[in-house]
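# Descriptive structure summary
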Amino acid sequence: MTRPHRRLVAAAAALVALAAVGAGSLLDLRTPTPKPADAPVGEFSAGRAYEDVQVIAARSHVAGSPANDQVRAHLEQQLRGLGLETEVQDTVAPEAGQLSGAAGGATLARVRNVVARLPGTASTGRVFLVAHYDSVQTGPGGNDDAAGTSTILEVARALSTGPRPRNDIVFVFTDAEEACLCGASAFAAGHTLAADGGVVLNLEARGSTGPVIMFETSRNNAKLVDVFGRAAPHPVGTSFAVEIYRALPNDTDFTAFLDQKFVGLNSAYIDGGAIYHTPLDTPAAMDRGSLQQHGDNALGLAREFGRTDLTELRSGHDATYFPVPGGLVHYPGTFTLPLALLAVAAVAALGWLVRRRGRASTGRLAAGFGLALVPIVVAPVAAQLLWLAITRIRPGYAELLDPYRPVWYRLAVVALAATVVFAWYALLRRRIGPAALAVGGLAWLALLGVLLAVAVPGGAYLTTLPALAGALGGLVALRTRQTGPWPVVAVTAAAAVGVVILLPTVVLLFPALGMGMGGVAALVAVLLGLAALPVVDLLHPQAGGQRGPRALRARRLGVLPATAAAVATVVLAGVGLGVDRFDAAHPAPTHLMYALDADTGDAQWVTHEEQLQPWTAEHISPVERASLRWWFPALGKESLRVGTAPNANLPAPTVQLLSDSTAGGERTLRVRVVPQRQVRLVSLHVDAKTAEVTRAEVAGRAVPVERQPTVDEAGLDRWGFGVVFHAPPPEGIEVTLTVVPRAPQVSLRAMDASDGLDGLPGFRPRPPGVGVVGSHSSEMLAVARTYPF
């Protein structure tokens, strides 16, 4: 066999091997087959759980609504039917985290949590399974969070039919998560069962399909991760995801438990994000395989934590962990920096050996290192530009977390990253040399590993381990006979490590961050390309020795991979545009709300759309923008597009003066804010030009008061202290304000908000193909009035 043919066979064998490894890694991310409703009672059945999903998500059920009352009644009935101790915690609670008088105001809610307990035989602590049972106003919550709620009901069934666990198992169904995490805050901070802390397993969904990812943990998670790796039947989770989530301004009910020093794990499936918080989040949209994985993992973890000595769960460090075919790899976080430094040393040794063997000079090694930065920078930028171009063609994507059918676009981004790597390599391979470029790529992986080990330890494995494997593979290849198969075997095995670690990361990053941040997935794809450069080199003719026509032919062959990847990028993006069109089943998302100033009778249509959809433009001026905070302080300071709307003559909430007293230069007003219609929230704000609030109570609960604007500042930002109250009772909420007067009369601005614009004068119903964006202000109807006292 001639040398070119041997090289071709080696390339094919290496690619087949890496494809097999990649396929195995991705197949391990598949969801399990849903079990039918007649599965054994001790097992989790998605079929049985789905029956609860259909009841819970029959319609939208915002906290405080009659529909939410019906869901709560169903939960109580099911839990009591299992013989569990069940109660409803009915209280007023603040937002999880911190109360703030800034922006919309201090946030509270009336919540009604459903709590049930399965007593343990010799409890060393408590295990809490948590999910929220309320939905957003724009959708029925078929996935978010009927998935978590129904999972816990089915887990409760399974646990109640078998031997009792050692530890108490507490099932917590929280209220008002969508509004403010207030239900979780109320339970974690105020319920007697939560007084001693425990282990929390929070179940969520931010989409409709995909693997269930354990994406957040409490600090010092090493022992928790160990239990997760051996007790969850389908353990998908990465320490990198934990680091990302900790850095993002996102919260779930898990946040409230972390604030109270609980330990635990937070899990969700996140693909299919286009339907998130929309009317399309119905039971029919749910992937029952994802529901089965949620249940299998929750049941396995509940049983394991149920028999574990919970006093021994805390450790002094975080673990590094990631999924591999057949399980979860995890090791102490204390190994992170030493491994990163070892990778640097291994790459340095490889560079030294490459130079000693005459494969590259010092200058070429330096050039390879410098030029390897090019694809690392260019590919993410190119991916972002690609998505920018696609959203210019289809502006509705700007309002979606992800397209309805995103697979083609995701493949286009991967193909684009491959185009950048292949083109970069083809252009530089002859001038710099394959060895210098390969060492340069590994050097960047190793350097990034050190930087991550210092700044984001949980993500360091992404580059450290491929760099270490690549360096070791290179050292083995250089020290074996160059004519045998072992050099190819060594570099292919090293590249396989990169595939196992980085390919699932690329796949999971797309739904986690959405196409709007596809550049991050492109970056990881480039890192995978750099880790596999010796295999990429096999796609090119043997380096060196060619002259004249042979050299020209070699260069032409060398650009084929880049050309093929570029063509694939264009084709895949085009197919995405052709396949993922907006229609009645996949509507273009639109945002609209209505705001009425009852003082003047002026009303406005309002949208946060930057590029107006045609339907929205029928209500909104294309040029007029305004911040509604001056008239509607609970809506924040954001500048929004507005348009004149007819006055719907809706009643504003009333503010009734219950008492008024003055002492020591301070005036104390006790008022009751009463909504005059079915609403999901009320707010009350104090005009800073008329008074400075020094103390406040809401529904008998003291709330912190932050710095108030001065008289001069009030000319720019009129409102000082404010409170937003979700799920108010029909009789309203009582607010006590102690103020330092700045004017003879204290002005209070009351607002309430309901949902649904149908029936309003001037509202044009959405035609087929036009939908509602998943936003907490979508379809909001706000009415406000000022009351002087």
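What you see is a predicted model; the values in this text were computed from it and never measured.

The rules behind these values
Residues numbered from 1 in each chain as written. Predicted model: local features only at pLDDT ≥ 70, side-chain atom pairs only at ≥ 80, totals over all residues. Heavy atoms only, no water. Phe/Tyr/Trp six-rings, centres within 6.5 Å; stacked < 30°, edge-to-face > 60°. Helix = DSSP H or I, 4+ residues; strand = E, 2+ residues; numbered from the N terminus. Buried < 20%, exposed > 50% of the residue type's maximum accessible area, 1.4 Å probe, protein only. Salt bridge = Lys/Arg side-chain N within 4 Å of Asp/Glu carboxyl O. Pairing = 2+ DSSP bridges. Axes fitted to C-alpha atoms, helices over the stretch in contact; angles between N-to-C directions. Parallel < 35°, antiparallel > 145°, perpendicular 65-115°, else oblique. Contact = heavy atoms within 4.5 Å. Nonpolar A, V, L, I, M, F, W, Y, C, P; charged D, E, K, R; others polar. 1 Å grid on protein atoms, 1.4 Å probe; cavity = no way out; pocket = protein on both sides within 12 Å on 5 of 7 lines; lining within 4 Å. Points joined across faces, edges and corners; volume = space filled by probe spheres on them.

Before going further, it helps to spend a moment on the packing of aromatic side chains. By the definition in use, this model includes 17 aromatic pairs. Taking the centre distance of 5.5 Å and the plane angle of 75° together, the rings of F128 and F262 count as edge-to-face. Here the residue F128 occupies a position in strand β3 (residues 126-132), and F262 occupies one in the loop between α9 (253-259) and β7 (263-271), the gap between them amounting to 134 residues. Of the two residues, F128 and F262, neither departs from the other in class, the shared state being buried. A ring pair is formed by Y397 and F582, whose centres lie 5.8 Å apart and whose planes are at 70°; its orientation type is edge-to-face. Here Y397, found in the loop between α13 (373-393) and α14 (407-432), pairs with F582, found in the loop between α21 (560-579) and β10 (588-590); they are 185 residues apart in sequence, far enough to count as distant. With a relative accessible area of 3%, Y397 lands in the buried category.

Going through the model one piece at a time under the given rule, you end up with 32 salt bridges. R307 serves as the salt-bridge partner of E304, at 3.0 Å between the closest nitrogen and oxygen. Here R307 and E304 lie together in helix α10 (residues 288-307), a separation of 3 residues that amounts to about one turn. Since its relative accessible area comes to 12%, E304 is described here as buried. The exposure class assigned to R307 is exposed, which follows from its relative accessible area of 53%.

This part is about the pairing of strand β12 (residues 602-607). When you tally the buried positions in β12, you get 5 out of 6 residues, the bulk of the element. When strand β11 (residues 593-597) meets β12, the two strands line up antiparallel, connected through 5 bridges. Within β12, the position partnered with D597 by the bridge is D602. Direction of pairing for β12 relative to strand β14 (residues 639-645): antiparallel, over a ladder of 5 bridges. Bridge pairing in β14 links T607 to R641.

Between D144 and the following residue, D145, the backbone shows a cis peptide bond with an omega angle of 5°. One non-glycine residue with positive phi stands out, namely H277, at about 65°. Inspection of the secondary structure assignment puts H277 in the loop between β7 and α10. What makes H277 buried here is its relative accessible area of 6%. One non-glycine residue, E779, lies in positive phi territory at about 65°. Among the structural elements, E779 can be located in the loop between β23 (770-772) and β24 (780-788).

It is worth spelling out the packing of helix α12 (residues 362-371) against α14 at this point. Running from amino to carboxyl end, α12 crosses α14 at an angle of 170°, the nearest separation of the two axes being 11 Å. The pairing of α12 with α14 is recorded here as roughly antiparallel in orientation. Packed against α12, whose contacting residues are R364, A367, G368 and L371, the element α14 presents W424, L428, R430, R431 and I432 at the interface. Residues belonging to the contact of α12 with α14 are distributed by class as follows: 5 nonpolar, 1 polar and 3 charged.

Under the counting rule described, the total for this entry stands at 3 cavities of 30 Å³ or more. By volume, the largest cavity is sized at about 80 Å³. In terms of lining, the largest cavity is formed by L201, N202, L203, V212, F228, L265, S267, H294, N297, A298 and L301. Taken together, the elements giving at least two residues each to the lining of the largest cavity come down to β5 (199-205), β7 and α10. Top element by residues in the lining of the largest cavity is α10. It accounts for 4 residues. In terms of residue class, the lining of the largest cavity is built from 7 nonpolar, 4 polar and no charged.

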